[in-house]
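# An overview of the molecular structure
Letter by letter, the chains look like this.
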Amino acid sequence: NLYIKYRMKNNFFYLDNIDADLVEFDFCIIGSGPAAMSLTSKFLDTDISICILESGNKKLTSSHLRLNEALSVGEREVDALNSRPRQYGGSSQVWAGTSAPFSIHEFENRPELGVEGWPISWYEIIDYYQEACNLTGVEWKDFNKPLSELDTQLANVFEEIPGSNLRSNNYFAAKHKDLTKLLKKKIENSSNIKIFLNATVSKISSDGGIVKNVNARSIDGKKIKINAKFFVICAGTLETTKILLNSDIFSGGSNCLGKNFMTHPAFTDLGIIKLNKKTKNWIKKSSLKKKIDFELNFDQQKKLKILRHNITMVPNYEKIKIKIKNLVQLKFVTNLIFFSLDLFFRFFGKRMWTDEWSVCVGIEQEPISKRRLTLSKEIDAFGSHKLIIDAGKLSELEEKTILCALDVLKKDLIEKGVGELILSENFLSKDYLKNQDPINHHIGTVKMGLDSKNAVVDENLKVFEHKNLFISSSAVFPTSSNANPTLTIIALSLRLADHLKNIFEK
């Protein structure tokens, strides 16, 4: 008996304009990012009624953004305020589209590192990876292409590197990185989907292991209760954990909730590669559509007992600028000449040649319980406790991973006759450890596993202590890998959709 006083067109509603205190659906999905949209894509125009609760509006507002506030403690700072857009579409609004699947090794135990694998196998998710590629417009087969077939900046310049010790990682940009745009017409024309904007979930209520309803509230104070048969939290790691911790729905508490917070730390200015010889007058301009980086092959990783990582080389044009400056002696003229030349080459899809390249390394993080999310005493505008984020510091294993990656790279450059790696003072002095994360991937804290003693959700993403509560987010990842998490989030959401369909049909 839902009565909409002021209805927006096409199945969208502002919570403030709903003249009802209680609404009922079959499914209630919390969040509207890639997880929610990919999940919803499998239920369009079915007999299953679905509501999607989005905390923000269609456009980002400062009042909604303030709900992201959290206290970051520990040596590694996390920008909780600006790292996630609280608006319709969620993280898809800031995702560059960079896509890659996790490797088969992520889903297996790595006893040499003391890292537990996933409760599902690679073969249980591979079909959903391919389905995720079809949805986002990525060619699945391209992930397995050899370096020689990829016309990219690093492949052209460092084509001799891959060998016995190093392998290349392939990344491709999604054509449909914003699924709200891809599914726009289907959602607008669907008879079973309702999207509530400005509807922040502040509490989940359960009884006897069954979630009965969730409370949602608008910025202006309008409250509504949503009843549903199934609830799926598709918010990001920080928001998902905040909702669960504030709801206090675990009868005896959860041993794992909030623990093992991970990101993708990346470190620049670790060294300079000086190439042995000038082989080209120009190089192909780097592109977000396809790119590669390098890492030690899996045999080497196992032998050295290190985590996954990304070794990236970036053109260093400071040497060219210095040469120009020596000629003209004026900084303004130097910059004008350099950028004019660079713009000229870029117009033709090229970049100027340089024989010096800066080295960057990004790493997978190991799951550590002390890196965690907890609640502070401070209350937000909705009466919920704000988060405390303890991202800790780099572990010995993570530091070792960076060191081994540079060491093997250095040896391979010499053995392949490519050039020489000169480590920077930034690396040698360990000043690089003071850098903060430039990548806003929040992972873990609602771990997927085989039992409630060691995890929060099971292999089907169901919260152990509740029959009808599911989580689909990077929050459930047991390990963080070195790949962008979005393609895996979408794959897990598509897998969950099939699982929910089977339950509902029974």
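Worth saying up front: this structure is predicted, and the values here are computed from it rather than measured. (Residues numbered from 1 in each chain as written. Predicted model: local features only at pLDDT ≥ 70, side-chain atom pairs only at ≥ 80, totals over all residues. Heavy atoms only, no water.)

### Section: the packing of aromatic side chains
With the rule as written, the count across this model stands at 21 aromatic pairs. Relative to W118, the ring of F102 lies with its centre 5.9 Å away and its plane at 90 degrees, an arrangement referred to as edge-to-face. Of this pair, F102 sits in the loop between β5 (98-99) and α3 (122-136) while W118 sits in the loop between β5 and α3, and the two are 16 residues apart along the sequence. Between F427 and Y432, the ring centres sit 5.3 Å apart and the planes meet at 25 degrees, which makes this aromatic pair stacked. For the residue pair F427 and Y432, the accessibility class agrees, reading buried in each case. (Phe/Tyr/Trp six-rings, centres within 6.5 Å; stacked < 30°, edge-to-face > 60°. Helix = DSSP H or I, 4+ residues; strand = E, 2+ residues; numbered from the N terminus. Buried < 20%, exposed > 50% of the residue type's maximum accessible area, 1.4 Å probe, protein only.)

### Overview of the pattern of salt bridges
This structure, assessed with the given rule, holds 22 salt bridges. Residue E239 is joined to R84 by a salt bridge in which the shortest nitrogen-to-oxygen separation is 3.6 Å. On the criterion of sequence distance, the pair formed by E239 in helix α7 (residues 237-247) and R84 in the loop between β4 (70-73) and β5 is long-range, its members being 155 residues apart. Taking the relative accessible area as the measure of exposure, E239 reaches 14% and is therefore buried. Relative accessible area serves as the criterion here: at 16%, R84 is assigned to the buried category. Notably, a salt bridge pairs D380 with K242, separated by 2.8 Å at the nearest N-O pair. Of this pair, D380 sits in the loop between β17 (372-379) and β18 (385-390) while K242 is found in helix α7, placing the two residues 138 residues apart along the sequence. (Salt bridge = Lys/Arg side-chain N within 4 Å of Asp/Glu carboxyl O.)

### A short note on the side chain of N484
Within the fold, N484 resides in the loop between β20 (469-471) and α13 (486-505). You can call N484 buried: its relative accessible area is 10%. Among the polar contacts listed, one links the side chain of N484 to the side chain of H441, at a separation of 3.4 Å. Polar side-chain contacts of N484 include one of 3.0 Å to the backbone nitrogen of T486. (Polar contact = N/O pair within 3.5 Å; in protein donor to acceptor, adjacent residues only side chain to side chain.)

### A look at the packing of α3 against α13
Two elements in contact, α3 and α13, have axes separated by 8 Å at closest approach and are oriented at 110 degrees. Taken together, the axes of α3 and α13 lie roughly perpendicular to each other. Of the residues in α13, those in contact with E124, I125, Y128, Y129, E131, A132, C133, L135 and T136 of α3 are L487, T488, I490, A491, L492, L494, R495 and D498. Broken down by class, the residue content of the contact of α3 with α13 amounts to 11 nonpolar, 2 polar and 4 charged. (Axes fitted to C-alpha atoms, helices over the stretch in contact; angles between N-to-C directions. Parallel < 35°, antiparallel > 145°, perpendicular 65-115°, else oblique. Contact = heavy atoms within 4.5 Å. Nonpolar A, V, L, I, M, F, W, Y, C, P; charged D, E, K, R; others polar.)

### Looking at the state of the cysteines
Summed over the entire model, instances satisfying the criterion amount to 0 disulfides. In this structure C133 is a free cysteine whose sulfur lies 19 Å from that of C234, the closest cysteine sulfur available. Here C234 is not disulfide-linked; the sulfur of C28 is the nearest cysteine sulfur, at 9.9 Å. (Disulfide = S-S within 2.5 Å.)

### Side note on the confidence of the model for the chain
Per-residue confidence for the chain averages 89 on the pLDDT scale, and 94% of its residues sit at or above 70. The model gives residues 1-8 a pLDDT under 50, and that stretch makes 14 contacts with residues more than four places away or in other chains. (pLDDT = per-residue confidence, 0-100.)

### Side note on helix α11 (residues 396-415)
If you check α11, its first and last C-alpha atoms are 28 Å apart, about what 20 residues at 1.5 Å a residue would give, namely 28 Å. Among all positions in α11, only L397, E398, T401, I402, C404, A405, L406, V408, L409, D412 and L413 are buried. Two residues or fewer after α11 comes G417, characterised by a positive phi angle close to 70 degrees. (Expected span 1.5 Å × (residues − 1).)

### Looking at the nonpolar core
Of all hydrophobic cores here, the largest spans 134 residues; its most connected members are L53, F158, I273, M313 and I402. If one sorts the elements of this core by residue count, α13 sits on top with 9 residues. Setting aside its immediate chain neighbours within four residues, F158 contacts L147, I273, L275, F294, M313, W357 and V418. Counting residues in each nonpolar core, the second largest holds 8 residues, with A80, L238, L373 and L387 among its members. (Core = buried A, V, L, I, M, F, W, Y, C linked by side-chain atoms within 4.5 Å.)

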